[in-house]
Amino acid sequence: VRSTENLPQQILDFLGKSNEFNSIQLAQQWDIDHQKLIGAIKSLLANEGVLATKDVTEKRLELTNEGVQFANEGSPEFLVFEFIGADGAAQADIQKQPFGKIGMAKAMQFKWVSVDKGRVVRQTSDVADTTRKQLESLRIGGDVDENGKKELKKRKLISEVNIKGLLVSKGDSFTTSLAKQEADLTPEMIASGSWKDKQFKKYNFESLGVVPSSGHLHPLMKVRSEFRQIFFSMGFSEMATNRYVESSFWNFDALFQPQQHPARDAHDTFFVSDPAISTTFPQDYLERVKTVHSKGGYGSAGYNYDWKIEEAQKNVLRTHTTAVSARQLYQLAQEGFRPSKLFSIDRVFRNETLDATHLAEFHQVEGVIAEKNLSLAHLIGVFTEFFKKLGITNLRFKPTYNPYTEPSMEIFAYHQGLAKWVEIGNSGMFRPEMLLPMGLPADVNVAGYGLSLERPTMIKYGINNIRDLFGSKIDLEVVYNTPICRLDK
Ligand code: PHE
């Protein structure tokens, strides 16, 4: 094996004596990797006029994986012949060998062996493993007669491949002693005038840029910033969501969700053990919430049950960002009502059975609009605009139930890829039982909607399993390799 050190100089020296060479043949002659030789030729091409090249293609026979195996271990027919030895062997034992099936068929065809009452015996005392010899020869670039090649091809032990190489000859300014090429023009070269005698490397406009060593945004964070921009462009402002642990009071009670509602069950909600309870609440408001649940009021009959502070005190990991909206709406009523458009995007937690589309924590995108005399038609108008900005234009609405909204609508979009309608969000007009105890004026309506951040992200990035997107097991390469921006609009 020739040393590949300073290959470009070796090439120049060789060409100086021989005028022309074919890279495929030279690589074989020098016993070096063809790609290495091509790399060295390419590096010389940066020096204008030193080399002249032409593309050449050569057909070459290459061993298939099976061919390599036969060359290493012997052909199956030969292995059978060896296996049975001078005494013969039971056919069943041969069939159990990895080489048994093909080996028997070929050995029979070659009349090396014969079968008699389930025993296989040799028909000749000595055989030559020609198949193996041919493969070995081809592997090191040797030749084999046409019939042999045909047979090996038929057995899929070799295949023909095209190798692209270069026919290299001397260029107009060929030399065997190359001046060192400068990569940079320096201030010193200009000052001293030495640049006049230097040779400069040509720019390579085809080379790939250096990947900037920067941080990488997780796909969820990229889609989150898209959502934020949409909300901002529609005049929404962002709510503070820095409160994963929330009392049941704000997560459920304030939202007119009865204390025995199944969603409060430990199956759906994570309860916090330390600290297990919250103790500070706006007292007047808490009393009004208690009353509307247990006795009714504001034109409502309520739920008529024994509302307990102990249940409202229990701390939970918030199950939806509507807990944030409830706090914010209460705040709005205290400050004195003004028309408001608010949004939040953050984490929520549910005690779900984990599968390809569900995790125990995910992100919700939530919008809230508080305005006098707001109707369902306004809400549909907002959705249409909001989703249009995301590139989703085909919407349908289906009545649904939430304890805190009436009417409530599920939002469906037509998914081109799946060719069906998929649910993308939940929405509704908040109930007076929720808004009036907060102290909001009677003619104020509040509309809200929520969707997950994960689902649109998975659709946009073509991720099928949520566990490839989020959680402790995700591959960081996925984060590195997602494009900085998607040009899909
Ligand atoms: N909180 C609801 C959910 O988790 C979404 C929603 C928000 C519905 C606001 C109506 C109003 O699905």
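For the structure itself, look to the data block above.
The present account deals with the structure reproduced in this document. For clarity, every value in this text was computed on a predicted model and none was experimentally measured.

As for the overall build of the chain
Then step 1. Counting its regular elements, the chain contains 19 helices and 17 strands.
Then step 2. For the chain, with 489 residues in total, the buried portion stands at 28%.
Then step 3. Expressed as a percentage of contacts within the chain between residues at least 6 apart in sequence, the contacts between residues at least 24 apart total 70%.

Overview of the site of the ligand
Then step 1. In the vicinity of the ligand, the contacting residues are His-320, Thr-322, Glu-366, Asn-402, Thr-405, Asn-426, Ser-427, Gly-428, Gly-448, Tyr-449 and Gly-450.
Then step 2. When residues of the shell around the ligand are traced back to their parent elements, those giving at least two are β16 (420-430) and β17 (444-452).
Then step 3. Split by residue class, the shell around the ligand holds 1 nonpolar, 9 polar and 1 charged.

Observations regarding the sheet that holds β16
Then step 1. In spatial order, the strands read β9-β12-β13-β17-β16-β15-β14; together these 7 strands make up an open sheet with mixed pairing. Looking at strand neighbours, the two that pair on one side only are β9 (237-238) and β14 (395-402), the edges of this open sheet.
Then step 2. In the sheet, β16 pairs with β17 via 4 bridges, with the strands oriented antiparallel. Across the sheet, Asn-426 pairs through a bridge with Gly-450, a residue of β17.
Then step 3. Across the sheet, helix α11 (residues 219-233) is in contact with β12 (340-349) and β13 (361-372); its angle to β12 comes to roughly 165 degrees.

Observations concerning the pairing of strand β4 (residues 113-116)
When a strand is regular, its side chains alternate between the sheet's two faces.
Then step 1. Two strands pair when backbone bridges link them, and β4 and strand β5 (residues 119-122) are joined in this way by 4 bridges, in the antiparallel orientation. Considered in β5, the bridge of Ser-114 is made with Val-121.

Thoughts on the sheet that holds strand β3 (residues 89-90)
Then step 1. With respect to topology, 3 strands assemble into an open sheet ordered β3-β5-β4, the strand pairing being antiparallel. Every other strand in the sheet has two partners, leaving β3 and β4 as the edge strands with one partner each.

Quick look at the environment of Lys-295
Then step 1. Inspection of the secondary structure puts Lys-295 in the loop between α13 (283-294) and α14 (309-313).
Then step 2. The class of Lys-295 is partly exposed, set by 14 C-beta atoms lying within 10 Å.
Then step 3. When the C-alpha atoms of Lys-295 and Trp-307 are compared, they prove to be 9.4 Å apart, with 12 residues separating the residues in sequence.

Re the nonpolar core
In summary, soluble globular proteins display a tendency toward joint burial of nonpolar side chains.
Then step 1. With 51 residues, the main nonpolar core has Leu-329, Leu-435 and Val-446 as its most contacted residues.
Then step 2. At 6 residues, helix α15 (residues 322-335) tops the list of elements feeding residues into this core.
Then step 3. Once residues lying within four places of it in the same chain are set aside, the contact partners of Leu-435 are Leu-329, Phe-430, Leu-440, Val-444 and Val-446.
Then step 4. Within the second largest apolar cluster, 13 residues are counted, among which are Ile-11, Phe-21, Leu-26 and Ala-40.

A look at the pairing of β5
Then step 1. Alignment of β3 against β5, held across 2 bridges, turns out to be antiparallel. Bridge pairing in β5 links Ala-89 to Val-120.
Then step 2. Hairpin geometry of β4 and β5 is characterised by an intervening segment of 2 residues between the two adjacent antiparallel strands and by a positive phi of about 50 degrees at Lys-117.

Cut-offs used in this document
Residues numbered from 1 in each chain as written. Predicted model: local features only at pLDDT ≥ 70, side-chain atom pairs only at ≥ 80, totals over all residues. Helix = DSSP H or I, 4+ residues; strand = E, 2+ residues; numbered from the N terminus. Buried ≥ 20, exposed ≤ 12 C-beta atoms within 10 Å, placed from the backbone. Contact = placed C-beta atoms within 7 Å. Near = placed C-beta within 6 Å. Nonpolar A, V, L, I, M, F, W, Y, C, P; charged D, E, K, R; others polar. Pairing = 2+ DSSP bridges. Axes fitted to C-alpha atoms, helices over the stretch in contact; angles between N-to-C directions. Core = buried A, V, L, I, M, F, W, Y, C linked by C-beta atoms within 7 Å.

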